[in-house]
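# Understanding the architecture of this molecule
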Amino acid sequence: MTQDELKDAVAAAAIDEIRPHLARDTVLGIGTGSTASRFIDRLAELRLDFAGAVASSEASAKRLRDHGIDVLELNSVGTLPFYIDGADEVNAHLHMIKGGGGALTREKIVAACSQRFICIADASKRVERLGNFPLPVEVIPMARSYVARELVKLGADPVYREGVVTDNGNQILDCFEFPIDDPVAMEARLNGIVGVVTNGLFAARGADVLLLGTDQGVERLTPQ
């Protein structure tokens, strides 16, 4: 199967995962990226079965609206039953690196407000140790150079993602050559650097279910 076919397969599996739990007052949390976009496209067929969605980016919000799905503000909703999103890397504990598309802060906020995080990914995203994919760190613009120096002290090679401004008006440093042995501890340590908004480690609040697309079909995995 091609990577696109694997993404379609996990998007369909996610629909099957949530369909029995939908009600007219259900509000879903929706992520950002190519796999999440395929899920949104499939979700359109169920748009009359739930109330709407909270989007983790302006791009996802537009795609939802284009399909006739109401987009709601998180502050007016509260707790969400499900958050469905992809990952750039995911390990056996369902800790993830996310934020390749630059939406890590809003993704982390919506995930934190959700009862269950369903991660949808193709098999290429599963790794033994996080860190081969560059870890994004969202920073306040005036703190970018300071944060970069602090990241170097931690062993990372931070690279400014030029020309990128997040939906929150901030900038991103991508940490290369940064293998991560303890994602939970590193997530907290990075967030403790002054000027960091958040980082792309989703470990303190990892996924509850991973729907992993493989050539043998979609595997449903839970944290080890």
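For the structure given in this document, a descriptive report is provided here. Just so you know, these numbers come straight off a predicted model, no measurement behind them.

Definitions and limits used
- Residues numbered from 1 in each chain as written.
- Predicted model: local features only at pLDDT ≥ 70, side-chain atom pairs only at ≥ 80, totals over all residues.
- Heavy atoms only, no water.
- Helix = DSSP H or I, 4+ residues; strand = E, 2+ residues; numbered from the N terminus.
- Rg over C-alpha atoms; globule rule 2.2 N^0.38 Å.
- Buried < 20%, exposed > 50% of the residue type's maximum accessible area, 1.4 Å probe, protein only.
- Contact = heavy atoms within 4.5 Å.
- Pairing = 2+ DSSP bridges.
- Core = buried A, V, L, I, M, F, W, Y, C linked by side-chain atoms within 4.5 Å.
- Arc of directions from axis to C-beta.
- Polar contact = N/O pair within 3.5 Å; in protein donor to acceptor, adjacent residues only side chain to side chain.
- Phe/Tyr/Trp six-rings, centres within 6.5 Å; stacked < 30°, edge-to-face > 60°.
- Lys NZ or Arg CZ within 6 Å of the ring centre and 35° of its normal.
- Salt bridge = Lys/Arg side-chain N within 4 Å of Asp/Glu carboxyl O.

## A word on the overall build of the chain
Of regular secondary structure, the chain possesses six helices and 13 strands. Relative to a compact globule of 224 residues, whose C-alpha radius of gyration would be 17 Å, the chain shows 17 Å and is just as compact. Dimensions of the chain along its principal axes, counting C-alpha atoms only, are 50 × 40 × 30 Å. The proportion of buried residues among the 224 residues of the chain is 52%. Across the chain, contacts joining residues at least 24 apart in sequence account for 74% of those joining residues at least 6 apart.

## Looking at the sheet that holds strand β5 (residues 96–97)
In space, the three strands of this open sheet follow the order β4-β5-β11, with antiparallel pairing throughout. Strands at the two margins of the open sheet, each flanked by one partner only, are β4 (89–90) and β11 (201–202).

## Brief notes about the nonpolar core
Within the largest apolar cluster, 25 residues are counted, with the highest numbers of intra-cluster contacts made by Ile 18, Ile 30, Phe 39, Leu 43 and Ile 84. For this core, the elements supplying multiple residues, two or more each, are α1 (3–18), β1 (27–30), α2 (34–43), β2 (52–55), α3 (58–66), β3 (80–85), β6 (114–122) and β12 (209–214). No other element matches the six residues that α1 contributes to this core. With near-sequence residues (within four places) excluded, Ile 30 lies in contact with Phe 39, Ile 40, Leu 43, Ala 53, Val 54, Ala 55, Ser 56, Leu 64, Tyr 83 and Ile 84.

## Here's the deal with α3
Listed in full, the buried residues belonging to α3 are Ser 60, Ala 61 and Leu 64. Viewed along the axis of α3, the buried residues span an arc of 105°, placing them on a single side of the element. Opposite the packed face of α3, turned more than 90 degrees from it, sit the exposed residues Ala 59, Lys 62 and Asp 66. Directly beyond the C-terminal end of α3, a positive phi value near 80° is found at Gly 68.

## Here's the deal with the side chain of Asp 174
Tracing the sequence through the fold places Asp 174 in strand β9 (residues 171–176). A distance of 2.7 Å separates the side chain of Asp 174 from the side chain of Arg 161, its partner in a polar contact. Among residues more than four places away in sequence, those in contact with Asp 174 are Pro 134, Leu 135, Pro 136, Asp 157, Pro 158, Val 159 and Arg 161.

## A closer look at the packing of aromatic side chains
All chains considered together, the criterion is met by one aromatic pair. Considering the side-chain rings of Tyr 83 and Phe 117, the 5.0 Å spacing of their centres and the 75° angle between planes classify their relative orientation as edge-to-face. Here Tyr 83, found in strand β3, pairs with Phe 117, found in strand β6; they are 34 residues apart in sequence, far enough to count as distant. For the pair formed by Tyr 83 and Phe 117, the shared burial category is buried. The ring of Phe 202 carries Lys 98 above its face, with NZ or CZ at 5.4 Å from the centroid. The cationic tip of Lys 108 hangs over the ring face of Phe 202; the distance from NZ or CZ to the ring centre is 5.0 Å.

## What about the pattern of salt bridges?
Taken as a whole, this structure holds 15 salt bridges when the rule is applied. Among the ionic pairs, Glu 17 bridges to Arg 220, the shortest N-O distance being 2.7 Å. Of this pair, Glu 17 sits in helix α1 while Arg 220 sits in strand β13 (residues 217–221); the two residues are 203 residues apart in sequence, bridging distant segments of the chain. Overall, Glu 17 belongs to the buried group, its relative accessible area being 17%. When its relative accessible area of 47% is taken as the criterion, Arg 220 is described as partly exposed. Here Lys 125 ties to Asp 122 by a salt bridge, and the two come within 3.6 Å at their closest N and O atoms. Comparing Lys 125 with Asp 122 shows no difference in burial state: the two are buried. Where salt bridges share partners, they join Asp 4, Asp 8 and Arg 38 into one cluster.

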